[in-house]
Amino acid sequence: MVTEPGSGPATPTLTISEPRDIVAAIPYLLGYHPSDMLVVLGLCGSSARARLTFRCDLTDETSRHVAEMAARIANTLDAHGCDAALAVAYGPASRATPCVDAVRAELAAIGITLREALRVTGDRYWSYLCAAPHCCPPEGMPADPARSPAAATAVLNGLTTWRDRDQVRQYIAPVEGADRDRVRRATMVAERRGEELLARRAASERDPFGVAFRTEGVRVVRETVAAACRGELPEAPDETAWLGVLLTCVRVRDEAWARISTGARSEAAGSVHVGLWRQVLRNVEPAYVAAPGSLLAVAAWRSGDRALAEAALDEVDRARPAYSMAQLLRQALRAGLPPQECEPTPEWLERVSPVAGEPDERHP
């Protein structure tokens with residue numbers, strides 16, 4: 001089978017032909033080394049190309065609802081046209097085995113072939129589908145991913161992984177202490193500025209934010225992105241707080257989104273947008289996390305860093321569980337779509353929602 005980690009412009013293909021290749025490839029598919037997790041790869045067609053990567057934490061809550069979890073995985077794979085799958089559980093047998101058994105049963109019930117099911121603990125792995133002592137001894141097989149061609153291909157193509165999910169979370173964690181106090185004070189000032197712009201909205205305007213708010217927001221986004229491309233990130237709390245308030249307007253947020261899609265044409269350009277929206281995300285109050293978190297997810301996705309994109313979306317989910325942009329991105333990521341499938345362009349935005357005019361009804 002073949003897998004395609006990330007979604008960058010030069011994504012290498014990893015070929016998997018044996019269990020150790022699966023163990024070696026998964027960290028590059030996720031972007032980090034998993035632990036206490038079930039990972040299921042949905043495969044399609046005669047080439048068994050990986051279309052969907054499904055992950056689920058192995059927790060006490062998962063153990064209590066293992067049947068529901070397995071049904072959700074099977075239904076998701078079926079909905080995306082997968083006809084085969086691979087399953088790898090990371091953790092002790094007491095948690096891993098019930099989950100794998102449930103997934104095996106659900107996949108069999110709907111006709112999806114499970115080509116391999118593994119458990120990985122430490123540096124060894126066991127197969128649930130093989131009982132031959134010569135290839136699957138009771139003590140497990142050494143994973144030794146460094147000897148896998150899949151790992152070699154990933155390294156030669158410059159793919160890297162985070163140490164674990166905690167490292168990714170720490171990278172985008174909100175500022176604390178005195179910095180957080182400054183963010184709170186700056187946010188109160190920014191909110192008053194926003195209220196002044198909202199008060200200038202004419203009664204005839206359909207846009208709940210109004211032309212003044214929308215125009216100021218688009219101007220600030222364009223200037224901020226241009227400055228970031230020069231290596232100048234917004235450092236002052238009043239800058240990030242004001243951005244956070246302005247990004248609550250969908251038209252303003254989509255202006256930033258469109259500039260990622262047109263600007264992140266290379267790894268270096270992509271890192272500019274990652275750095276910018278990470279900076280804003282870490283320096284806004286929880287009420288304003290949704291937009292910069294979603295924009296960071298887009299920039300990370302564009303740069304091929306799926307782990308960072310997922311972590312940013314997790315932050316959004318904690319702050320705004322029903323935020324539509326984050327939900328769209330999560331679905332697209334897990335369906336294996338390229339980021340270009342769901343990106344606005346500056347030209348489209350200006351056509352359907354001119355900065356200084358009333359928004360078109362087609363604009364989401």
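Data block above holds the structure.
We now turn to the structure provided with this report. Given the structure is predicted, the values throughout are model-derived calculations rather than measurements.

1. Some details on the overall build of the protein
Working step 1: Broken down by element type, the protein carries 15 helices and 8 strands.
Working step 2: If you take every contact in the protein between residues at least 6 apart in sequence, the share linking residues at least 24 apart comes to 68%.
Working step 3: Carbon together with sulfur atoms contributes 52% to the accessible area of the protein, which is approximately 16,600 Å² in total.

2. Some points on the environment of Tyr323
Working step 1: Tracing the sequence through the fold places Tyr323 in the loop between helix H13 (306–319) and helix H14 (324–334).
Working step 2: Through-space distance from the C-alpha of Tyr323 to that of Ala290 is 6.9 Å; in sequence the pair is 33 residues apart.
Working step 3: Excluding anything up to four places from it in sequence, Tyr323 contacts Arg253, Ala290, Ala291, Ser294 and Val316.
Working step 4: Separated by 3.0 Å, the side chains of Tyr323 and Arg253 make a polar contact.

3. A few points about the packing of aromatic side chains
Working step 1: Within this structure, the stated rule accounts for 1 aromatic pair.
Working step 2: Aromatic pair Phe209 and Phe213: ring centres 4.9 Å apart, planes at 45°, arrangement tilted. Per residue, the accessibility class of Phe209 equals that of Phe213, and both read buried.
Working step 3: Over the face of the ring belonging to Trp242 we find Arg193, whose NZ or CZ atom lies 3.9 Å from the ring centre.
Working step 4: The aromatic ring of Tyr171 is capped on one face by Arg278, whose charged end is 4.0 Å from the ring centroid.

Scoring rules and cut-offs
Residues numbered from 1 in each chain as written. Predicted model: local features only at pLDDT ≥ 70, side-chain atom pairs only at ≥ 80, totals over all residues. Heavy atoms only, no water. Helix = DSSP H or I, 4+ residues; strand = E, 2+ residues; numbered from the N terminus. Contact = heavy atoms within 4.5 Å. Areas by Shrake-Rupley, 256 points an atom, 1.4 Å probe, with all protein chains shown as cover. Polar contact = N/O pair within 3.5 Å; in protein donor to acceptor, adjacent residues only side chain to side chain. Phe/Tyr/Trp six-rings, centres within 6.5 Å; stacked < 30°, edge-to-face > 60°. Buried < 20%, exposed > 50% of the residue type's maximum accessible area, 1.4 Å probe, protein only. Lys NZ or Arg CZ within 6 Å of the ring centre and 35° of its normal.

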